Amino acid sequence: MKLDGGRYLESRSVKPTTLLWAIVGINVILGMLVLLFPENGISIGKYASLKFVSIEELVGNTSPEKSDDIKQILSGVKLNNTRDSQVSDSLLTLDSIQSRIVKEVKTSVNYDTVKQRLVPPKFRSIQLPPNNPNALKTLIKALKEESKSKVVRILHYGDSQLEGDRITDYLRNRFQQLFGGNGPGIVLPLEPAANSRISVFVSQSNNFKKKAIYIKGQTAPNNLYGLGAATFLMTGNHSSFVRWEEKEIPLDTLGNLRKEKVPVFSAEQQIPNYINIKNGSMAYPLARKYSCVKLLYQSESPSLIKLQSDEIGNEFFVEEAPLFGVKSWDLSAERKLRIEFVKGELPKIFGIALDGKTGVAVDNFPMRGSSAVGFDNISPELYRKQLSELNVRCIILQYGVNVVPNVLSDYSYYRKLFSKQLKSIKAAYPNVSVLVIGPSDMSKNQNGNMVSYVNIPLINDAMREAAFENGCAFWNLYEAMGGKNSMVEWQKNGLARKDFTHFTSDGAKYVGEMLFESLLELLQD
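Attention here is on the structure that accompanies the text. Residue numbers run consecutively from 1 along every chain, following the written order of its sequence. With pLDDT at 70 or above as the cut-off, local features in this predicted model cover only qualifying residues; side-chain atom pairs require 80 or more to be listed or tallied, and sums for whole chains, interfaces and linings still use all residues. The side-chain values count all of the structure's non-hydrogen atoms but skip hydrogen atoms and water molecules.

### Regarding the sheet that holds strand β16 (residues 312-318)
The cut-off we apply is this: Only strands joined by at least two bridges in the DSSP assignment are considered to pair. The helix and strand labels rest on DSSP assignments: H or I over at least four residues marks a helix, E over at least two residues marks a strand, and numbering proceeds from the N terminus. Lines are fitted to the C-alpha atoms to define the axes, a helix being fitted only along its stretch in contact, and any angle between axes, read from their N-to-C directions, falls within 0 to 180 degrees.
Pairing is antiparallel in the open sheet, where five strands are placed in the order β8-β13-β18-β15-β16. If you trace the sheet from one side to the other, it starts and ends with β8 (200-204) and β16, each paired once. Ignoring which end each strand starts from, the neighbouring axes of this sheet average 20 degrees apart.

Pasting the structure below:
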């Protein structure tokens, strides 16, 4: 039997008219579903819902819901655009610091000449827990008294809202202008959005591996994390420490010698291991000019490293530090700094601190995708030692953005979870000041309009309750930036990105100024 190929293909083909009617039929069915489907969707389990796009969304009508004008929202917020390159340490006595605070207060738009006080709008003020009105006393005292003789360190933790040093960069400059200080603070390898920083750029050899409390499946051995809630491991071949050997080292040009113990290493070939740090040309001058470099690490045996500042390089021994070690150098780099791990065991890296010798340091620790969970997993002993040795006087925790998309009517689960993190921090270092910052406004497309997520106030309430339970202060960024539907105005005016979630660099400066002034309000007393 012979197969008629033409008839076979014809029987298997679909006529154009049939295909057209099929497409029309499917679209009619989908259109009916769009019209009849509940506006808020159908819940699927506890955390998800099924929702069809609306007709407005299909035709691309995404106009924002009505909100306050940006001029009204930012009323009383004036950016400080001065770029001081030096604050004389000799001038930063207790009296002069107080006089500088008074001068700064009087230049504010919100200075009340009758009350002779800085009086920002109440919704932009920091909220103190009723059971601990001195929640920020440690920070205030340190800024006024300690900053003239040592570095007062502030840690700024947060989610992706802080990436690229956003908010922190401006806040750091304001603090350093007022209280002195230099440098960008602690910097880390493998930082998200590292190239978007303007103060400093960090790169590293390809053998670095990151372990962090906010990365699933990347737990650090023995929960040994640095202050940035991360630890950095170097992999690959390396030599090993063999023994200590006493050698005679020239003491001067007259031929005098001194005996010194130096480590001896095995002869294994060591692969290149390095961290490069490049100063940003557009950075604030105070952040660009550091005078002290500290390698923060953990190591079971001595090692040899090479430190190169611009074109000058020298080798240094790094002692063993089973829990936490700090190797310090008094130096600055005009353009770049390189730390190369030459011989011996490759230490675990917790960060590199680039600071002045007095004043304020503010560290930027963004944690992409984090909701502040995992602080309770950090070794309390190690965390306490780092906080103490680096003189951390305040911890700022700015989170919530990653909780918002999970819309619920009750966030008691998050209050308990967040409270657990705060409890672990306070247990490790009881006297440290802790300031919690809730999520900013965020917008979503609802029936063609960009509107605020309705659950943001609930999340702020949960975070404030957790903060107060643990004697921590709270700042409501959502209200400070204008409240409901304010994000659309920020985005319209170039202060927020097109995702209606993250601030632009300009928008971050306004947030930094509002936060600084809320702290200045407490410093004036």
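### Quick word on the nonpolar core
Note the following rule: Residues grouped as a nonpolar core are buried Ala, Val, Leu, Ile, Met, Phe, Trp, Tyr and Cys residues, joined through side-chain atoms within 4.5 Å. Each residue is placed in one exposure class: buried if its accessible area under a 1.4 Å probe, protein chains only, is under 20% of its type's maximum, exposed if it is over 50%, and partly exposed if it falls in between. Note on definitions: a residue-residue contact is assigned when non-hydrogen atoms from the two residues lie within 4.5 Å.
Grouped together as the largest cluster of nonpolar side chains are 80 residues, with contacts concentrated most on Tyr157, Phe375, Tyr383 and Ile395. Not counting chain neighbours up to four residues away, the residues in contact with Tyr157 comprise Leu162, Leu227, Gly228, Phe365, Met367, Phe375, Tyr383, Ile395, Ile396, Leu397, Gln398 and Tyr399. Counting 51 residues, the second largest nonpolar core, distinct from the first, contains Leu143, Leu477, Trp490 and Phe516.

### Here's the deal with the environment of Ser75
The topology assignment puts Ser75 in the loop between α4 (70-73) and α5 (94-106). Through-space distance from the C-alpha of Ser75 to that of Asn110 is 9.5 Å; in sequence the pair is 35 residues apart.

### A look at the pairing of strand β18 (residues 336-344)
Across five bridges, strand β13 (residues 274-279) lies against β18 in antiparallel orientation. Across the sheet, the residue bridging to Lys278 is Lys336, located in β18. Of the strand pairs in this sheet, strand β15 (residues 303-309) and β18 are connected by seven bridges, and their pairing is antiparallel. Residue pairing across strands places Ile305 opposite Phe341, the latter belonging to β18.

### Some remarks on the packing of helix α10 (residues 412-428) against helix α11 (residues 456-469)
Threshold: Note on convention: near helix rotated counterclockwise from far helix by under a right angle means a left-handed crossing. Clockwise means right-handed. Under the convention adopted here, Pro, Cys and the residues Ala, Val, Leu, Ile, Met, Phe, Trp and Tyr are nonpolar, Asp, Glu, Lys and Arg are charged, and Gly plus all remaining residues are polar.
Where α10 contacts α11, the axes come no closer than 8 Å and their chain directions differ by 35 degrees. In this structure, α10 crosses over α11, and the sense of that crossing is right-handed. Here Tyr414, Arg415, Phe418, Ser419 and Leu422 of α10 come into contact with α11, specifically with Ala462, Met463, Glu465, Ala466, Ala467 and Glu469. For the contact of α10 with α11, a count of residues per class yields seven nonpolar, one polar and three charged.

### Description of the packing of aromatic side chains
Definition in use: We call Phe, Tyr and Trp rings a pair once their centres come within 6.5 Å, taking the six-membered ring for Trp, and we label the pair stacked below 30 degrees between planes, edge-to-face above 60, and tilted otherwise. Only Lys NZ and Arg CZ are tested; either one counts as a charge over a ring when it is within 6 Å of the ring centre and within 35 degrees of the ring normal.
Scanning the model with the defined rule gives 12 aromatic pairs in all. Ring geometry for Phe175 and Phe516: centres 5.5 Å apart, planes at 80 degrees, overall edge-to-face. Within this pair, whereas Phe175 is found in helix α7 (residues 168-179), its partner Phe516 is found in helix α14 (residues 505-523), the two being separated by 341 residues in sequence. Across the pair, exposure class does not vary: Phe175 and Phe516 are buried alike. By the ring-pair criterion, three or more aromatic residues cluster together here, those being Tyr411, Tyr413, Tyr414 and Phe418. Stacked on the ring of Tyr274, the Lys or Arg Arg338 has its end atom at 4.2 Å from the ring centre.

### Topic: the pattern of salt bridges
A side chain of one charge can pair with a side chain of the opposite charge when the charged atoms of the two come close. Applied cut-off: Just to be clear on terms, a salt bridge is a Lys or Arg side-chain nitrogen sitting within 4 Å of an Asp or Glu carboxyl oxygen.
Scanning all chains against the criterion turns up 23 salt bridges. When the shortest N-O distance is used, the salt bridge between Arg243 and Glu245 registers 3.0 Å. Between Arg464 and Asp461 there is a salt bridge, with its nearest N and O atoms 2.8 Å apart. Here Asp461 and Arg464 lie together in helix α11, a separation of three residues that amounts to about one turn. Relative accessible area serves as the criterion here: at 29%, Asp461 is assigned to the partly exposed category. One salt-bridge network, held together by shared partners, links Asp165, Asp169, Arg172, Glu191 and Arg197.

### Some remarks on the pairing of strand β10 (residues 230-234)
For β10, a buried count of five out of five residues is recorded, marking the element as mostly surrounded by other parts of the structure. Here strand β9 (residues 208-212) runs beside β10; their pairing, made up of five bridges, is antiparallel. By the bridge assignment, Phe208 is partnered in β10 with Met234.

### Points about unusual backbone geometry
The backbone phi angle of Asn222 is positive, close to 60 degrees, even though this residue is not glycine. Positionally, Asn222 belongs in the loop between β9 and β10. One non-glycine residue with positive phi stands out, namely Asn447, at about 55 degrees. Looking at the element boundaries, Asn447 is found in the loop between β23 (443-446) and β24 (449-452). When its relative accessible area of 22% is taken as the criterion, Asn447 is described as partly exposed.

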